[in-house]
Amino acid sequence: MRRHERAERYGESQIRVDLVTNDAPAQSSVPTSRRTRCSAYPLDPAKDEAIRAAVVQVLAEVGYSRLTMDEVAMTAGVGKAAIYRRWSSKADLLVSYIDMESVAGLVLADTGWLRDDLVILLTSIADLLAGPVGRANRALIGILHENPALFDAYRHGPLDRWSAAFTEVFRRAVERGDITPDAATSVAAEAGPGIIIQRWLITGAALDEELVRAVVEQVMIPLLRGATRPPSP
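Residues numbered from 1 in each chain as written. Predicted model: local features only at pLDDT ≥ 70, side-chain atom pairs only at ≥ 80, totals over all residues. Heavy atoms only, no water.

Q: How should I be thinking about the overall build of the protein in this particular structure?
A: Counting its secondary structure elements, the protein contains 11 helices and two strands. Reading the helices (α) and strands (β) of the protein from amino to carboxyl end gives α-β-α-α-α-α-β-α-α-α-α-α-α. Sequence-distant contacts, at least 24 apart, represent 75% of the contacts inside the protein between residues at least 6 apart. Accessible surface, the protein as shown: approximately 12200 Å² in total, 53% of it carbon and sulfur. (Helix = DSSP H or I, 4+ residues; strand = E, 2+ residues; numbered from the N terminus. Contact = heavy atoms within 4.5 Å. Areas by Shrake-Rupley, 256 points an atom, 1.4 Å probe, with all protein chains shown as cover.)

In structure tokens form, the structure reads like this:
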């Protein structure tokens, strides 16, 4: 397909958009949620959602060390027993939260243009990090290396899925001849996400579409088009 044909499709908004969700193939043995069911009755999905939303709120407000099952239950408007029917401990609850919430809203689009695909994907990540989920995740980052279960959940959950999304964008770009295979696996491919993460985690600067477009157009595209893999030692 020629570039002008792809541009016409994009102009007509004929874009295939996939949500990168928890239906993606598992990358490890880390469970999506560890539930200890103490009841023969089906669990109410509405309570599942209320509990996960409460985890986001409590983490964002008080951080990891002060998060308790009692606080989550009160915020969710459920009894503490409802939580323990689903998750056996605070750690299990947070592993489930990481897997279920940290990639919600991640958007993978196929517009036919590398620039636009990157803008859409990075914008979805920036929106995620700028909201309550981002604040909750920031509260967890500092304790990941002290908690192997949470670290493993992050590494094989959000990080693997974000990586898979960018890999797919770059794979399509290589097939179209937009970039070389070496560029797709070079450090240039990490430049954009690195800037977004730095602003989110360290500087606290705004994460908006203007920033994303600047990162893609001024940093990622020039680097990717000029990148080659360094020679092996």
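Q: Explain the pattern of salt bridges to me, please; I cannot follow it from the model alone.
A: When their charged atoms lie close together, side chains carrying opposite charge are able to pair. Scanning all chains against the criterion turns up 10 salt bridges. A salt bridge links Glu49 to Arg52; its shortest N-O distance comes to 3.6 Å. You can see Glu49 and its partner Arg52 sitting in helix α2 (residues 45–62), three residues apart, about one turn around the helix. Put simply, Glu209 and Arg213 hold a salt bridge, and the shortest N to O gap is 3.1 Å. (Salt bridge = Lys/Arg side-chain N within 4 Å of Asp/Glu carboxyl O.)

Q: Please explain helix α3 (residues 69–76) as it appears in this structure.
A: Given 3.6 residues to a turn, an α-helix orients residues that are three or four positions apart in the same direction. Within the span of α3, buried status applies to Met69, Val72, Ala73 and Ala76. Down the axis of α3, the smallest arc covering the buried residues is 100°, so these residues share one side. Just downstream of α3, Gly77 is the residue with a positive phi angle, here 75°. (Buried < 20%, exposed > 50% of the residue type's maximum accessible area, 1.4 Å probe, protein only. Arc of directions from axis to C-beta.)

Q: How should the layout of surface pockets be read in this particular structure?
A: Empty pockets left among the atoms are what a rolling probe the size of a water molecule brings to light. By volume, the largest pocket amounts to about 680 Å³. Lining the largest pocket are 31 residues; nearest its centre among them are Leu159, Trp162, Ser163, Pro193 and Ile197. Taken together, the elements giving at least two residues each to the lining of the largest pocket come down to α6 (114–130), α7 (132–141), α8 (148–176), α9 (181–184) and α10 (191–203). Counting residues per element, the lining of the largest pocket draws most heavily on α8, which supplies 12 residues. (1 Å grid on protein atoms, 1.4 Å probe; cavity = no way out; pocket = protein on both sides within 12 Å on 5 of 7 lines; lining within 4 Å. Points joined across faces, edges and corners; volume = space filled by probe spheres on them.)

Q: Even after reading the chapter, I still don't get the packing of aromatic side chains, so can you show me in this structure?
A: What describes a pair of aromatic rings is the distance from one ring centre to the other and the angle between the planes of the rings. Throughout the structure, instances matching the rule amount to one aromatic pair. Above the ring of Tyr64, the side-chain terminus of Lys90 is found at 4.1 Å from the ring centroid. (Phe/Tyr/Trp six-rings, centres within 6.5 Å; stacked < 30°, edge-to-face > 60°. Lys NZ or Arg CZ within 6 Å of the ring centre and 35° of its normal.)

Q: How should the packing of α6 against α8 be read in this particular structure?
A: Each pair of packed helices can be described by the angle between their axes along with the distance between the axes. Contact pair α6 / α8: the axes reach a minimum separation of 10 Å and the direction vectors enclose 170°. Between α6 and α8, the crossing angle belongs to the class labelled roughly antiparallel. Within the contact between the two elements, α6 uses Leu114, Asp117, Leu118, Leu121, Leu122, Ile125, Leu128 and Leu129 and α8 uses Trp162, Ala165, Phe166, Val169, Phe170, Arg172, Ala173 and Arg176. Residues that form the contact of α6 with α8 fall into these classes: 13 nonpolar, no polar and three charged. (Axes fitted to C-alpha atoms, helices over the stretch in contact; angles between N-to-C directions. Parallel < 35°, antiparallel > 145°, perpendicular 65-115°, else oblique. Nonpolar A, V, L, I, M, F, W, Y, C, P; charged D, E, K, R; others polar.)

Q: Quick question: what am I supposed to make of the nonpolar core here?
A: One recurring pattern in soluble globular proteins is that nonpolar side chains are buried together. If you look at the biggest cluster of nonpolar residues, it comprises 60 residues, and the most contacted ones within it are Leu118, Phe170 and Leu224. Mapping this core onto the domain boundaries places at least three of its residues in each of domain 1 (43–90) and domain 2 (104–227). Once residues within four sequence positions are removed from consideration, Phe170 is found in contact with Leu114, Leu118, Ile179, Ala184, Ala189, Met220 and Leu224. (Core = buried A, V, L, I, M, F, W, Y, C linked by side-chain atoms within 4.5 Å. Domains from an automatic or database assignment.)

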